[in-house]
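# A look at the structure
Chain by chain, the residues run as shown.
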Amino acid sequence: MGGQAERPSERRERVKSLDRMTEERKTPEMRAQMTDLERLRHSASHVLATAILKIWPEAQFAAGPPVENGFYYDVDLPHRISPDDFEKIEAEMKKEIKANHPFERIEVSRDEALGERPDPSRFKLDIIENIPAYEKISLYRSGDFIDLCAGPHIMHTGNIGAFKLTNVASAYYKGDEKNPQLQRIYGTAFQTKKELDDYFAMLEEAKKRDHRKLGKELELFVFDDDVGPGLPMFLPRGAVIAEELEKLAKETEFAAGYQRVRTPHIARESLYKKSGHLPYYAESMFPPMTLRAEGFRGPILETLEEASEKLVRDMKSAFESIGLIPPTGSSDESFRNFFQQEDVIEKKIEDLPESLREKVAGDVAKLKWELFKHALLKAGLAEDRYYLKAMNCPHHHKLFAAIPRSYRDLPLRLAEYGTDYRYEKSGELFGLMRVRSLQMNDAHIYCTPEQFEAEFNAVNEMYLKYFKLFGIEKYLMRFSTHDPSKLGQKFVDEPELWKQTEEMTRNVLKNSGINYVEVPNEAAFYGPKIDVQAWSVIGREFSIATNQVDFAQPRSFDLRYKDRDNIDKIPICIHRAPLGTHERFIGFLIEHYAGNFPLWLSPEQVRILTISDDPKLVDYARSILKELRAHQVRAEIDESSDKINGKIQRAEQMKIHTMFVIGKRDMDADAVSVRVHGKGNLGAKPRAEAIAEILQSIKERRS
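Residues numbered from 1 in each chain as written. Predicted model: local features only at pLDDT ≥ 70, side-chain atom pairs only at ≥ 80, totals over all residues. Heavy atoms only, no water.

### Structural notes on the overall build of the chain
A count of helical and extended segments in the chain gives 25 helices and 28 strands. By residue count, 53% of the 703 residues in the chain fall in the buried class. Taking all contacts inside the chain whose residues are at least 6 apart in sequence as the whole, residues at least 24 apart take part in 73%. (Helix = DSSP H or I, 4+ residues; strand = E, 2+ residues; numbered from the N terminus. Buried < 20%, exposed > 50% of the residue type's maximum accessible area, 1.4 Å probe, protein only. Contact = heavy atoms within 4.5 Å.)

### Focus: the sheet that holds strand 4 (residues 104–108)
What the three strands build is an open sheet, ordered 4-5-6; its pairing is antiparallel. One side of each edge strand has no neighbouring strand; the edge strands of this open sheet are strand 4 and strand 6 (145–148). Across the sheet, the mean angle from the axis of one strand to that of its neighbour is 25 degrees, orientation sign disregarded. With five bridges joining them, strand 4 and strand 5 (residues 137–142) adopt antiparallel strand pairing. Bridge pairing in strand 5 places Val-108 opposite Ile-137. Along the sheet face, helix 4 (residues 36–55) touches strand 5 and strand 6 and points at about 125 degrees away from the line of strand 6. (Pairing = 2+ DSSP bridges. Axes fitted to C-alpha atoms, helices over the stretch in contact; angles between N-to-C directions.)

### Some thoughts on the packing of aromatic side chains
Applying the stated criterion across every chain yields a total of 21 aromatic pairs. With a centroid separation of 6.2 Å and 85 degrees between ring planes, the pair formed by Tyr-272 and Tyr-387 is classed as edge-to-face. With Tyr-272 in helix 11 (residues 269–275) and Tyr-387 in strand 14 (residues 383–388), this pair connects stretches of sequence that are 115 residues apart. A relative accessible area of 7% means that Tyr-387 is categorised as buried. By the ring-pair criterion, three or more aromatic residues cluster together here, those being Phe-470, Phe-542, Phe-585, Phe-588 and Trp-600. Geometry around Phe-400 places Arg-405 over its ring, the cationic atom sitting 5.3 Å from the centre. (Phe/Tyr/Trp six-rings, centres within 6.5 Å; stacked < 30°, edge-to-face > 60°. Lys NZ or Arg CZ within 6 Å of the ring centre and 35° of its normal.)

### Remarks on the layout of surface pockets
Its boundaries defined by the atoms lining it, the second largest pocket holds a volume of some 520 Å³. If you go around the second largest pocket, you meet 25 residues; those closest to its centre are Leu-599, His-657, Thr-658, Val-676 and Lys-679. Taken together, the elements giving at least two residues each to the lining of the second largest pocket come down to helix 18 (449–470), strand 26 (658–662), strand 27 (671–676), strand 28 (680–686) and helix 25 (687–700). (1 Å grid on protein atoms, 1.4 Å probe; cavity = no way out; pocket = protein on both sides within 12 Å on 5 of 7 lines; lining within 4 Å. Points joined across faces, edges and corners; volume = space filled by probe spheres on them.)

### Re unusual backbone geometry
With an omega of 15 degrees, the peptide bond between Leu-278 and Pro-279 qualifies as cis. Among the secondary structure elements, Pro-279 is positioned in helix 12 (residues 277–280). Cis geometry is found at the peptide bond from Leu-410 to Pro-411, where omega equals 0 degrees. By the secondary structure assignment, Pro-411 is in the loop between helix 17 (393–401) and strand 15 (412–421). The backbone of Asn-69 shows a phi angle near 70 degrees, a positive value even though the residue is not glycine.

### Notes on the nonpolar core
Judged by nonpolar contacts, the single largest core of 53 residues is most densely connected at Phe-452, Phe-470, Ile-544, Leu-589 and Leu-601. Per-element accounting of this core gives the leading share, nine residues, to helix 18. Setting aside anything within four residues of it in sequence, one finds Phe-452 in contact with Cys-447, Met-504, Thr-505, Val-508, Val-549, Ile-572 and Ile-574. Judged by nonpolar contacts, the second largest core, of 30 residues, contains Ala-44, Ala-49, Ala-59 and Phe-71. (Core = buried A, V, L, I, M, F, W, Y, C linked by side-chain atoms within 4.5 Å.)

### Brief notes about helix 18
Between its terminal C-alpha atoms helix 18 stretches 33 Å, which fits the 32 Å expected from 22 residues at 1.5 Å a residue. All buried positions along helix 18 are accounted for by Gln-451, Phe-452, Glu-455, Phe-456, Val-459, Asn-460, Met-462, Tyr-463, Tyr-466, Phe-467, Leu-469 and Phe-470. In the segment just after helix 18, Gly-471 is the residue with positive phi, at about 70 degrees. (Expected span 1.5 Å × (residues − 1).)

### With respect to the side chain of Arg-405
Relative to the helices and strands, Arg-405 resides in the loop between helix 17 and strand 15. The charged side chain of Arg-405 is buried without a salt bridge, its nearest counter-charge being Asp-409 at 5.1 Å. With residues near it in sequence (within four places) discarded, Arg-405 still touches Leu-399, Phe-400, Leu-412, Arg-560, Tyr-561 and Lys-562. (Lys, Arg positive; Asp, Glu negative; His and termini not counted. Salt bridge = Lys/Arg side-chain N within 4 Å of Asp/Glu carboxyl O.)

### Some words on the pairing of strand 3 (residues 70–76)
Two faces belong to every sheet, and in a regular strand the side chains alternate between them. Extensive coverage of strand 3 is indicated by the burial of six of its seven residues. In the sheet, strand 1 (residues 60–61) pairs with strand 3 via two bridges, with the strands oriented antiparallel. Within strand 3, the residue paired with Phe-61 across the bridge is Val-75. Bridging between strand 2 (residues 66–67) and strand 3 involves two bridges; their strand directions are antiparallel. When the sheet's bridge partners are listed, Pro-66 is paired in strand 3 with Phe-71. Connecting strand 2 to the next strand, strand 3, in antiparallel fashion are two residues, including Asn-69 with a positive phi near 70 degrees. Inspection of the sheet shows strand 3 paired to strand 8 (residues 181–190) by five bridges, in the antiparallel sense. Looking across to strand 8, one finds that Val-75 is bridged to Gln-183.

### Re the side chain of Thr-581
Secondary-structure assignment places Thr-581 in the loop between strand 23 (572–577) and helix 21 (582–593). For Thr-581, a relative accessible area of 12% translates into the label buried. Setting aside residues up to four positions removed in sequence, Thr-581 forms contacts with Leu-438, Gln-439 and Met-440.

### Remarks on the sheet that holds strand 24 (residues 606–610)
An order of 25-24-26-27-28 is seen for the five strands of this open sheet, with the pairing classed as mixed. Single-partner strands in this sheet number two, and they are strand 25 (635–638) and strand 28. Adjacent strand axes in the sheet meet at a mean angle of 25 degrees, parallel and antiparallel pairs treated alike. Both strand 26 and strand 27 contribute to a ladder of four bridges, which runs antiparallel. Opposite Phe-660, over in strand 27, you have Val-674 as the bridge partner. Packing of helix 22 (residues 615–630) onto the sheet brings it into contact with strand 24, strand 25, strand 26 and strand 27, and relative to strand 25 it is tilted by some 165 degrees. Helix 23 (residues 644–653) rests against strand 24, strand 25, strand 26 and strand 27 of the sheet, and its axis sits at about 165 degrees to strand 24.

### What to know about empty space enclosed by the protein
On inspection of all chains with the given rule, the structure shows four cavities of 30 Å³ or more. Each pocket or cavity is described by its volume, and for the second largest cavity that value is around 70 Å³. The wall of the second largest cavity is formed by Leu-218, Leu-220, Arg-237, Gly-595, Phe-597, Ser-602, Pro-603, Glu-604, Met-654, Lys-655 and Ile-656. Per-class residue counts for the lining of the second largest cavity are six nonpolar, two polar and three charged. (Nonpolar A, V, L, I, M, F, W, Y, C, P; charged D, E, K, R; others polar.)

### Comments concerning the environment of Val-459
Within the fold, Val-459 resides in helix 18. Assessed through its relative accessible area of 1%, Val-459 is described here as buried. For Val-459 and His-575, which are 116 residues apart along the polypeptide, the C-alpha to C-alpha distance reads 9.8 Å. Discounting residues that sit within four places of it in the chain, Val-459 has contacts with Tyr-258, Ile-445, Asn-547 and Arg-576.

### Let's talk about the packing of helix 10 (residues 236–255) against helix 18
Here helix 10 crosses helix 18 at 140 degrees, and the two axes come no closer than 12 Å. The angle between helix 10 and helix 18 places the two elements in the oblique class. The two elements helix 10 and helix 18 cross, and the hand of that crossing is right-handed. Listed contacts from helix 18 to Leu-245, Leu-248, Ala-249 and Thr-252 of helix 10 are Met-462, Lys-465, Tyr-466, Leu-469 and Phe-470. (Parallel < 35°, antiparallel > 145°, perpendicular 65-115°, else oblique. Left-handed = near helix turned anticlockwise from the far one by under 90°.)

Here's what the structure looks like:
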């Protein structure tokens, strides 16, 4: 499964990277769909450029688009801009806003555009050259600043209510490291000062909830230089969360008729060539492991005898038609003797009818090639290439093909929590959100065209069930389609199948009433897909799930089933991952809950705290611990000699969900005093009642 074409703030800013976003121009249609806030931020980027030019007239500009939560402008400037410069830049920006300059659109010819400044930016020259001939070229004037720009903008600079510059970074022009490196100045803008203040308050809250910070404090996961960047290791507390998510998925999928499978972590190069991931996905795969041919067994037939027998069987009739007798033995000598007749062979092929000549020549060439490969094997010169598994789908296709299938077997739903490895660039790695080793909540559904709508919709319904469980109230499904101009490059070259599957997917979304937006040029290489964006409780956006249609790989793997008329048909494949990867989803949940996990998901569900170290009290606490753990409750006991306040403080710092505080009075009454993180002391309860409530809450996965 690809599953990497999302575009939330994390996706845009870190995952896909803004450098890559600037490689492709927005079409006029895309620009017309800009929201009011995006227009405002686009206008703010022009005001930023105006201010920079007033301070540093030698500055040259590239792109200045609105982005998620703000805007930026790329500038080529000898002076190295730093946050220390922000105050004077913002002062100039405020002057431009106060002047309330109108944004004036000026349509020009190409020649006029090239002369829009005395010394046109070389970046603008390049942009002009890449504007399609059918598109109108426009400049925008605001005050003294004139810029090559397709728009759109707000009416006046004074409509920018509130703004702030945020940071500066380096960025290659068009995201290509072969191009010049520019300075990228970021900012954000809103219609009102309150919205701006609320945004920065959210950022402060986000810092407190940062999964990297909480992951360390709560002892959930670590990264280690000796293990490698982007390769997270889960500590026991973090592993608990992963196991609970996997348990949830397995229960949900079992109820929905999924069957679980297991596949290896590596596979031959030929598998990924067949799937199409090579070459389309090669940049995201780890380099191959190359093995010498010693002990080699594989697609090259394992022995010379087998090779000769198979070739004789496949080619006997063609050879006999030209009076040739292929070798019948398995010795090298018999093959050599055969090919010593090369002149005779070529003459006989030339004398064949034209309709047969090409096939026989191909058969002879194939026999020669097999002999050559065998010689390489014997010499130990042949190599075999293996790749770390970057996705589970090719393996699942092989499992589908392993057994004859009938329409009665469909839909067939194969599920696996497979470990995948993707070579993400170091600059794109970001905590658990972007990693190189990932546990995928993966499954592949093989179905008939008639079953597609119900199956695709059932996956979407599974998403909604999970969202309700985790308290995710705001979400959006991004329906990604292909770009016809990139068929055979970014997308498999099957124009009719693209139209058919995109229309099928679009109909499912319309009929289900699910909130979605359609985004061109972001499909998987093998078909259209849906990426699910979700917002945490503080409004941060994440991409956490995917649902993909695949019409290409079933054909590449020659997957077939018998229909009611006993005719071979090719199934449609749906790739889906409702919980995405453990890594990203756990990162999302850490920030969503601020580390305050619900009881069923909490790494440590109950901690028992004794008020004193009286032996009888400790024994009573241990009996409660034993009872809880007998019911698979993750419970611990603090038997330290610390004061009770210190024990409580330590448990609160680790965000332990429930504490049973036990004193002599509780012991005498066979009770516990219940304390819940974030809610405080809930009072004493009979021991049996308190434990029963714990067990029921876990069973129901209460939030």
